[in-house]
Amino acid sequence: MNTAQPRRILVAIKRVVDYNVRIRVKPDGSGVMLDGVKLSINPFDQIAIEEALRIKEKGRADEVVIATIAPADAQATLRNALAMGAQRALHVVSDAALEPLANARLLLKLVEKEQPFLVILGKQAIDDDNNQTGQMLAALWNRPQATFASRVELTDGVARVTREVDAGLETLEVDLPAVITTDLRLNEPRFVKLPEIMKAKTKPLETIPVASLIGNDKSGGSASRVKTSKTEPPPARQRGIMVKDAAELFTELHKRSLV
């Protein structure tokens, strides 16, 4: 009887307002309007799912598990991730807008439960651009991290990760288990076809109340440390003007104290 632990990749995703949607701020400034707005998987997280699936298809993993921390109505987002090819999904149900540290602590509970050899996340979410959860998870897990990955190669017990830095490309080798966060150039997520969407409806999706993970944890749990006092849209863009030549351009710039 084979009782070996399956080689498992855990991919954490976040549901965000679709990048094609024009963001509108609530009239009272308490946040952005979500009613009737299309919500999708964070684009960087789609790249993370795709990379995990490619690793599995190369025979380097046995299972890809998707995890999210979101309200109860986020199951459609998880089904979309399953339709890409993942085998299972974990839904930590929380109505609160959690901060990166709280998310990292909850993901650590899932890591302890699932025992993955690799955790992949998008480098940041397009709604808050925090770029913190992956790094915090690695620190809490006490495992290596490789962020902003543009290429990932796995060998026995090691991940070789190429990342873009100001001076060019940097290559890191980290021991597994590890945390990797994905950059845009890593891959192009696959197009999901109708048969995969239908299959995803029957794939296992486990619902986990957030309170069952926090329990008696006094280390912070989901407590909020930052409070948003007001949300404002960016100032309206001023209308441009046409100038005849460079001299007129210089005059207009001088009027605006730009030269």
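Per-chain numbering applies: the sequence of each chain, read as written, is numbered from 1 onward. Totals for whole chains, interfaces and linings use every residue, but because this is a predicted model, local features are given only for residues with pLDDT of at least 70 and side-chain atom pairs only at 80 or more, for both listing and counting. Excluded from the side-chain calculation are hydrogens and water; included are all heavy atoms of the structure.

(A) Molecular detail of the packing of aromatic side chains. Pairing of aromatic rings covers Phe, Tyr and Trp, the last through its six-membered ring, and needs centres within 6.5 Å; plane angles under 30 degrees mean stacked, over 60 mean edge-to-face, and all others mean tilted. Per the counting criterion, the structure on display carries zero aromatic pairs. Definition used: whenever NZ (Lys) or CZ (Arg) falls within 6 Å of the ring centre and also within 35 degrees of the ring normal, the charge is taken to sit over that ring. Seen from the ring of Phe148, Lys123 lies directly overhead, with NZ or CZ sitting 5.5 Å from the centre.

(B) Representation of the nonpolar core. Ranked by internal contacts, the top residues of the largest apolar core, which has 36 residues, are Ile9, Val11, Ile49, Ile66 and Leu118. Residue assignment for this core shows that the elements contributing at least two residues are strand S1 (8-13), helix H1 (43-57), strand S4 (63-70), helix H2 (75-84), strand S6 (118-122), strand S7 (145-155), strand S8 (158-165) and strand S10 (178-182). In this analysis, two residues are considered to be in contact whenever any of their non-hydrogen atoms come within 4.5 Å of each other. Sequence-distant contacts of Leu118, defined by excluding residues within four places in its chain, comprise Arg8, Ile9, Leu10, Ile55, Leu154, Leu176, Ala178 and Ile180. To define a nonpolar core, start from buried Ala, Val, Leu, Ile, Met, Phe, Trp, Tyr and Cys residues and group those joined through side-chain atoms within 4.5 Å. Think of it in three bands: with a 1.4 Å probe and only protein chains considered, a residue is buried below 20% of the maximum accessible area for its type, exposed above 50%, and partly exposed in between. Numbering of helices and strands runs from the N terminus; a helix is a DSSP stretch of H or I covering at least four residues, while a strand is a stretch of E covering at least two.

(C) Spotlight on the pairing of S8. A pair of strands is labelled paired if DSSP reports no fewer than 2 bridges between them. Of the strand pairs in this sheet, S7 and S8 are connected by six bridges, and their pairing is antiparallel. Each residue of the ladder has a partner; that of Leu154, found in S8, is Ala159. In this antiparallel pair of consecutive strands, S7 and S8, the connection spans two residues, and Gly157 shows a positive phi of 80°. Following S8, the chain reverses through two residues before pairing antiparallel with strand S9 (residues 168-175).

(D) Quick peek at a nonpolar patch on the surface. A grouping of Ile23, Val32 and Leu34 is seen on the molecular surface, where their side chains present a nonpolar patch of about 240 Å² in accessible area. Of note, Leu34 is situated in the loop between strand S2 (15-17) and strand S3 (39-41). Think of a patch as exposed residues, more than 30% relative accessible area, with no salt bridge, where like charges cluster within 9 Å and nonpolar side chains (Val, Leu, Ile, Met, Phe, Trp, Tyr) cluster within 5 Å. Computed with a 1.4 Å probe, the accessible areas rest on the Shrake-Rupley method; for each residue, only the protein chains presented here act as cover. Every case where a carboxyl oxygen of Asp or Glu lies within 4 Å of a side-chain nitrogen of Lys or Arg is listed as a salt bridge.

(E) Fine view of the layout of surface pockets. Taken as a whole, the largest pocket encloses approximately 1700 Å³ of empty space. Elements supplying a minimum of two residues to the lining of the largest pocket: S1, S2, S4, helix H3 (100-114), S6 and helix H4 (133-141). The biggest single contributor to the lining of the largest pocket is S4, with four residues. When the residues that make up the lining of the largest pocket are grouped by side-chain class, the tally is 22 nonpolar, 16 polar and 12 charged. Of the two site types, the cavity is a set of points on a 1 Å grid over the protein atoms alone where a 1.4 Å probe fits but cannot get out, and the pocket is an open set with protein on both sides within 12 Å along at least five of seven lines, each lined by residues with an atom within 4 Å of a point. Grid points are joined across faces, edges and corners, and a volume is the space filled by probe spheres set on the points. Asp, Glu, Lys and Arg are counted as charged, while Ala, Val, Leu, Ile, Met, Phe, Trp, Tyr, Cys and Pro are counted as nonpolar; the rest, among them Gly, fall into the polar class.

(F) Looking closely at the packing of H3 against H4. The N-to-C vectors of H3 and H4 enclose an angle of 50°; their axes lie 8 Å apart at closest approach. For the element pair H3 / H4, the angle class is oblique. Note on packing geometry: the crossing formed by H3 with H4 is right-handed. Of the residues in H4, those in contact with Pro100, Leu101, Asn103, Ala104, Arg105, Leu107, Leu108 and Val111 of H3 are Thr133, Met136, Leu137, Leu140 and Trp141. Per-class residue counts for the contact of H3 with H4 are 10 nonpolar, two polar and one charged. Between N-to-C directions, angles cover 0 to 180 degrees, with each direction set by a line fitted to C-alpha atoms, over the stretch in contact for helices. In these notes the angle categories are as follows: under 35 degrees is roughly parallel, over 145 is roughly antiparallel, 65 to 115 is roughly perpendicular, and the rest is oblique. For any helix crossing, the convention is left-handed if the near helix is rotated counterclockwise from the far helix by under a right angle, and right-handed if that rotation is clockwise.

Shape is all these values report; function is a separate question.
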